[in-house]
Structures are given as C-alpha cells and as structure tokens.
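Reading the structure
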Amino acid sequence: FQAILPLKGKILNTERSRLDKMIEHEEVKNMIIALGTGIGDTTNMEKIRYHRIIIMCDADVDGEHITTLILTFFFRHLPEIIRRGYLYVAMPPLFKLQKGKEIRYAYNEHEREVGMKEMKSGNANISVQRYKGLGEMNADQLWETTMNPDNRMLKQINIDDAEDADAVFTMLMGDAVPPRKHFIQTNAITAELDI
C-alpha cells in the first residue's frame, strides 16, 4: 500500500529551471514518471498514480532544504496536487528516549525535555539518541515513527494564500540575492540551530 521513491541528495532548484532542464535532471524526471501526471502542457491529473504523496527527509537543516526544493517543484509545476490535498511532509523524530523497555520519541528539544522529566524516576538512567538522519534508524524504528499510518505524523501541504506563497518561493528560491539575504538576517534570531 506504499511505494517509496528514494531521491539522492538535493534535487534541482526548479524555481530557476526551464522545463527541458528539469526533465534532464534524473531525480526530477523520476518523480514525474512515478507520479504519472506528466508535466507542463502534457499534465493530466486524471492519470495521477497516488493520492497521498509524502515527502520524507531528515529532520535537520539539509533535510529541510531538500523538502523546500521538492515543495518548490510541486508549487511551481504541479500545484493541482497541492490544491487537491495530496501532498504531505512526514515529521520524523529527532530523539529516541529509552528507560529500560520504555521508549518514547521526541520531535523537538522541548518534547525531549518534557519526556525526560516524565520518564525520570529513581536512579534509572534515561538514554537519549539524537537522530541525525533517517538512515540512522533501523527499519523497525523508521516504520514505527515515520511510515506506519497508525503512528506517523504528517503535515498536509495546502495553499492558503497563493500570492503570499508565490512571493515567498520567489524570494527564497529565485535569482535575487538581496531579498533572500534580508530575510535570513531578519529571521536568523528565531532560527533553531541544529548542532
């Protein structure tokens, strides 16, 4: 009931790319073929093979960048997938907390701290494992936390305000450096460092 298309590394920034360049890029071409919709003038949403497309990347800065590149592809070239509610982003955990046989997963620093306080009792040690990427999880952990429909956390992607979304994608992924630099400098104080 699930198909997985592994993408290697960062895909092409499709904000700045012509259609012919996109189709030449192996990872983008594989996504287009897997979706079955075609692209550009040949797009046919009736041929889509999947009604739940889940982007699953590492929970770090590089993973967030890759997620943004993939979202840019969908927003610019297959926005109907977003409009129909087919696009999701998986939320893998950052931490595994374990005390004896009790295991909890935390998706951010705050959840880790709360989980550690709740698990603390007596002299028992709580081991904390920080996941640097999906590849650090064994198959059972990846299934349990990120792929199992009963447990996984997904964010559905939607376009609340197309004009605002368009402006943000253009600023963050486009050719003009000054607006992007200003955005980064302005928002750097609210960024969470992944050290």
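Structure: see above.
Residues numbered from 1 in each chain as written. Predicted model: local features only at pLDDT ≥ 70, side-chain atom pairs only at ≥ 80, totals over all residues. Heavy atoms only, no water.

Concerning the nonpolar core
Side chains that are nonpolar tend, in soluble globular proteins, to be buried together. For clarity, the threshold we go by: The nonpolar core is taken to be a set of buried Ala, Val, Leu, Ile, Met, Phe, Trp, Tyr and Cys residues, with the residues joined through side-chain atoms within 4.5 Å. Burial here depends on accessible area, computed with a 1.4 Å probe over protein chains only, as a share of the maximum for the residue type. Under 20% is buried, over 50% is exposed, and the range in between is partly exposed. A helix here means a DSSP run of H or I that spans at least four residues, while a strand means a run of E at least two residues long, and both kinds are numbered starting from the N terminus. Residues count as neighbours in contact if any of their non-hydrogen atoms are within 4.5 Å of one another.
Core analysis: the biggest nonpolar cluster contains 28 residues, and Ile53, Ile70, Phe73, Phe74, Ile81 and Leu87 have the highest contact counts within it. Counting residues per element, the ones that place at least two in this core are helix H2 (26-35), strand S1 (53-55), helix H3 (61-77), helix H4 (79-83), strand S2 (87-90) and helix H7 (162-173). Among the elements that line this core, the one with the most residues is H3, at seven residues. For Ile81, the contacting residues outside a window of four places in its chain are Leu35, Met45, Ile48, Ile53, Phe74, Tyr86 and Leu87.

Concerning H2
Using the following cut-off: Arc definition: it is the arc formed by the directions from the helix axis to the C-beta atoms.
By the burial criterion, the buried members of H2 are Glu27, Val28, Met31, Ile32 and Leu35. The buried residues of H2 occupy one face: seen down the axis, they fall within an arc of 140°. Looking at the packing, one finds that the buried side of H2 touches helix H1 (19-24), S1, H3 and H4. Backbone geometry just after H2 places Gly36 at a positive phi near 80°.

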